[in-house]
Amino acid sequence: MNTSSCISISTTKPCCRIINSYRSLSHFGFSLPRSNNNSLIHTNLSKSHPESVYNHKFHCCNNRRRSQDMGRTCIVNLDRRGFIVCDWNWGHARGFSSIFHVDKGSKSRGVLVIPKVASDIRNHSTSVEGHVNEKGFESIYIQGGLNVKPLVIEKIETESNVAKEGKEETSYNRVEVNGSTVNTNFFKDLNESTTPKIVEREVSEIEKEAWQLLRGTIVNYCGNPVGTVAANDPADRQPLNYDQVFIRDFVPSALAFLLNGETEIVKNFLLHTLQLQSWEKTVDCYSPGQGLMPASFKVKTMPLDGSDGGFEEVLDPDFGESAIGRVAPVDSGLWWIILLRAYGKITGDHALQERVDVQTGIRLGLNLCLSDGFDMFPTLLVTDGSCMIDRRMGIHGHPLEIQALFYSALRCAREMLIVNDETKNLVATINNRLSALSFHIREYYWVDMKKINEIYRYNTEEYSTNAVNKFNIYPDQIPSWLVDWIPEEGGYLIGNLQPAHMDFRFFTLGNLWAVISSLGTSKQNKGILNLIEAKWDDLIGHMPLKICYPALEYEEWRIITGSDPKNTPWSYHNGGSWPTLLWQFTLACIKMGKPELAQKAVALAEKRLSMDQWPEYYDTRSGRFVGKQSRLFQTWTISGFLASKMLLENPDKASLLFLEEDYELLEICVCALSKTGRKKCSRFAS
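- Taking an unreviewed UniProt entry as the reference, the protein is identified by name as Alkaline/neutral invertase belonging to Salix purpurea.
- On record in UniProt, under Function (unreviewed entry), the comment for the protein is "Invertase that cleaves sucrose into glucose and fructose."
- Under Sequence similarities (unreviewed entry), UniProt gives the following word-for-word description of the protein: "Belongs to the glycosyl hydrolase 100 family."

Remarks on the overall build of the protein
Piece 1. Each helix and strand in the protein was counted, giving 21 helices and 22 strands.
Piece 2. Put simply, the protein has 686 residues, and 59% of those count as buried.
Piece 3. Across the protein, the fraction of contacts at a sequence separation of at least 24, relative to all contacts at a separation of at least 6, is 73%.
Piece 4. When the accessible surface of the protein is summed, it comes to about 29,400 Å², and 49% of that surface belongs to carbon and sulfur atoms.

A closer look at the pattern of salt bridges
Piece 1. Scanning the entire structure with this criterion turns up 18 salt bridges.
Piece 2. One salt bridge connects Glu205 with Lys208, and the closest N-O pair in it is separated by 3.4 Å. A residue pair is termed a helical-turn pair when its members lie 3 or 4 positions apart in one helix, as Glu205 and Lys208 do in helix α3 (residues 205–215) at 3 residues.
Piece 3. Residue Glu205 is classed as exposed on the basis of its relative accessible area, which comes to 56%.

Points about the packing of aromatic side chains
Piece 1. Scanning the entire structure with this criterion turns up 20 aromatic pairs.
Piece 2. An aromatic cluster is defined as three or more aromatic residues linked by ring pairs; in this entry it consists of Trp481, Trp485, Tyr492, Phe506, Tyr549 and Trp570.
Piece 3. Over the face of the ring belonging to Tyr572 we find Lys566, whose NZ or CZ atom lies 4.3 Å from the ring centre.
Piece 4. In this structure, Arg631 is placed above the aromatic ring of Tyr242, and the distance from its NZ or CZ to the ring centre is 4.5 Å.

Here's the deal with helix α8 (residues 356–370)
Piece 1. For α8, with 15 residues, the first-to-last C-alpha span of 21 Å sits near the 21 Å given by 1.5 Å per residue.
Piece 2. Of all 15 residues in α8, 13 are buried; the element is thus mostly enclosed.

With respect to the pairing of strand β11 (residues 224–228)
Piece 1. A large share of β11 lies buried, amounting to 5 of its 5 residues.
Piece 2. One ladder, built from 4 bridges, connects strand β10 (residues 218–221) with β11; its direction is antiparallel. Across the sheet, Tyr221 pairs through a bridge with Asn224, a residue of β11.
Piece 3. Linking β10 to β11, which pair antiparallel, is a turn of 2 residues; within it Cys222 sits at a positive phi near 60°.

Describing unusual backbone geometry
Piece 1. In this chain, Pro544 is followed by Leu545 through a cis amide linkage whose omega measures -15°.
Piece 2. With respect to the helices and strands, Leu545 occurs in the loop between α15 (536–539) and β20 (548–549).
Piece 3. Cis geometry is found at the peptide bond from Tyr549 to Pro550, where omega equals -5°.
Piece 4. Structurally, Pro550 is set in the loop between β20 and α16 (554–561).

Side note on the packing of helix α6 (residues 330–347) against α8
For any two helices packed against each other, the geometry comes down to the angle between their axes and how far apart the axes lie.
Piece 1. Viewed as axis vectors pointing N to C, α6 and α8 meet at an angle of 145°, and their least axial separation amounts to 10 Å. The chirality of how α6 crosses α8 is left-handed. Contacts between α6 and α8 involve Leu334, Trp336, Ile337 and Leu340 from the former and Val358, Ile362, Leu366 and Cys369 from the latter.
Piece 2. For the contact of α6 with α8, the per-class residue count stands at 8 nonpolar, no polar and no charged.

Notes on the nonpolar core
Piece 1. Residues Leu366, Tyr492 and Phe585 are the most contacted members of the largest nonpolar core, which totals 157 residues.
Piece 2. By residue number, the principal contributor to this core is helix α9 (residues 400–416), which donates 11 residues.
Piece 3. The residues contacting Leu366, other than those within four sequence positions of it, are Ile337, Leu410, Ala413, Leu417, Leu426 and Ile430.

So, the environment of Asp476
Piece 1. Checked against the element boundaries, Asp476 lands in the loop between α11 (449–456) and α12 (480–485).
Piece 2. Spatially, the C-alpha atoms of Asp476 and Ile455 are 9.3 Å apart, while their sequence positions differ by 21 residues.

Some thoughts on the environment of Leu531
Piece 1. Tracing the sequence through the fold places Leu531 in helix α14 (residues 522–534).
Piece 2. Taking relative accessible area as the criterion, Leu531 reaches 0% and is therefore assigned buried.
Piece 3. With residues near it in sequence (within four places) discarded, Leu531 still touches Trp485, Ile486, Pro487, Gly491, Tyr492, Phe506 and Leu539.

A closer look at the side chain of Gln584
Piece 1. With respect to the secondary-structure elements, Gln584 resides in helix α17 (residues 582–591).
Piece 2. Overall, Gln584 belongs to the buried group, its relative accessible area being 3%.
Piece 3. Those residues within four positions of Gln584 in sequence are excluded, and the remaining contacts are Trp335, Leu509, Leu512, Trp513 and Ile516.

What counts, and at which threshold
- Residues numbered from 1 in each chain as written.
- Predicted model: local features only at pLDDT ≥ 70, side-chain atom pairs only at ≥ 80, totals over all residues.
- Heavy atoms only, no water.
- UniProt positions renumbered as here; feature names shortened; annotations may be inferred.
- Helix = DSSP H or I, 4+ residues; strand = E, 2+ residues; numbered from the N terminus.
- Buried < 20%, exposed > 50% of the residue type's maximum accessible area, 1.4 Å probe, protein only.
- Contact = heavy atoms within 4.5 Å.
- Areas by Shrake-Rupley, 256 points an atom, 1.4 Å probe, with all protein chains shown as cover.
- Salt bridge = Lys/Arg side-chain N within 4 Å of Asp/Glu carboxyl O.
- Phe/Tyr/Trp six-rings, centres within 6.5 Å; stacked < 30°, edge-to-face > 60°.
- Lys NZ or Arg CZ within 6 Å of the ring centre and 35° of its normal.
- Expected span 1.5 Å × (residues − 1).
- Pairing = 2+ DSSP bridges.
- Axes fitted to C-alpha atoms, helices over the stretch in contact; angles between N-to-C directions.
- Left-handed = near helix turned anticlockwise from the far one by under 90°.
- Nonpolar A, V, L, I, M, F, W, Y, C, P; charged D, E, K, R; others polar.
- Core = buried A, V, L, I, M, F, W, Y, C linked by side-chain atoms within 4.5 Å.

In structure tokens:
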């Protein structure tokens, strides 16, 4: 075995290759080492390339040698230009693929062996500690790629064996569900090293159906699961982009798999989307920041040029250049960080978070969010359609949903970042932003009966650092529906805040994540659930939960939505009911000690979801009708239901996912400085 190469594999087993062509390696800061084994390192650099060509391709090969123990043949074309390296992220790759060649002279068919390598190919990365003295994390991102400990594959998948890397997977207690398996051992304590305690539970018929449908949505890349499609309706002949893997849509699916003890698909998803983060992305000659995560990606099978019978699988991401309105998905990177923490909490696999590429991915994403701009507020400024509400709905500015996810992602990232000389300034910046953001949201977004009465009596045109009406809100903006709707006990965080503008609509996702992440004070979090309970018929109705309340109607709908035919009143994003919000509602209820509210909502959904074929959303004021353009067999409807059931049955696992109040932020709160002109800080109320 040759230990000088990037991947150490015996000659009887296939290997993974990455073919990359471009003009120069000088900007990477390393030279390509020589190898005595040409089957592992092959260099053929052309000096005639007029410009850099970014094209990563993953090959499964065996150098035309048949592996007797495998019983299969895998061939690679060694005549292709390029050099072979072992790191995925070198350069801004616009496309990478897995390439298969089938030897017609062999009766054995080509087999994809890259998946197990692709999933963990970067586990051999050097640790962050080894680069403490580096001047920038960009250098950590690419250095040490070849001179590192080899990745040894102990066992490759055969017709009768399942591929294993290193140690064996923990055995789980499973029950059979219509041909699929459901793990009933998600009650096991993560820190427990003894034999798992078996917990018996009865799996309902609707759960069996849901698991079967969820497994039917799994997308494979190189033979390994990497995500789930947005919807899988067999009767849908025009899936549009619903046949893609969306980052935000996959989060409830990931939680369902993690709670069921199935971790591989989530790990693969996190790593593959991480690679997409650094790809070149251009819209009308403009390229956004490197840390941007795609909204979605699709696995495409393409014929291989110049090959007889060869084909390749390609990941095709969408960074917003194909989306309606061409809006960048601001929430994708935030969801990715939140899911990364959830993976570590549930599985105990914190080594994934500590990898150099993952640490760098976190920093790149944070750099986009924390970059300096013209804004005077700590909130993120975004356009319409940059989150779950991805159409024009008047949420441009500083929508609550983005701020709540931003706050949660900052706290998750701070928890996962390895603190050293290179990251201490970033951590300090995160702390300052968290402090300012929580103060801003708690102080200016919160409304209850008392606050609305204060706004009703506001003076306007105040010019002073001590102004009460800091945003010059006109009292006439208070909508008539709100006066009678707000309960005596309870309140909520408004949907948006800008100069002379308050969006008083109740946005469910933002308020739920404010509870889950402790963006609001303890009193405010209780008030949010009190309001949902008091306004159950309006926010839950016949199907949980309203995405926002109330709907835009009449002239307001025409002006704000542009007469959007899909966002008509009480439909889709305009007051529609979305069952996928159920798992987030469940988390919030468990955190605030009100699981009975979540159980009531889950029971309500359980009566209809299967009968209605798992629709994407429901229409009408009370959610009685299946949405007029709703996709059926919507994946995050299915997975959101399953995640809710498992979270309710095991609240200990739920406690791993939400965040408690961070009292250390109170001590560093900038509001304590007398020179700021602020006389009070809502953070101390907690």
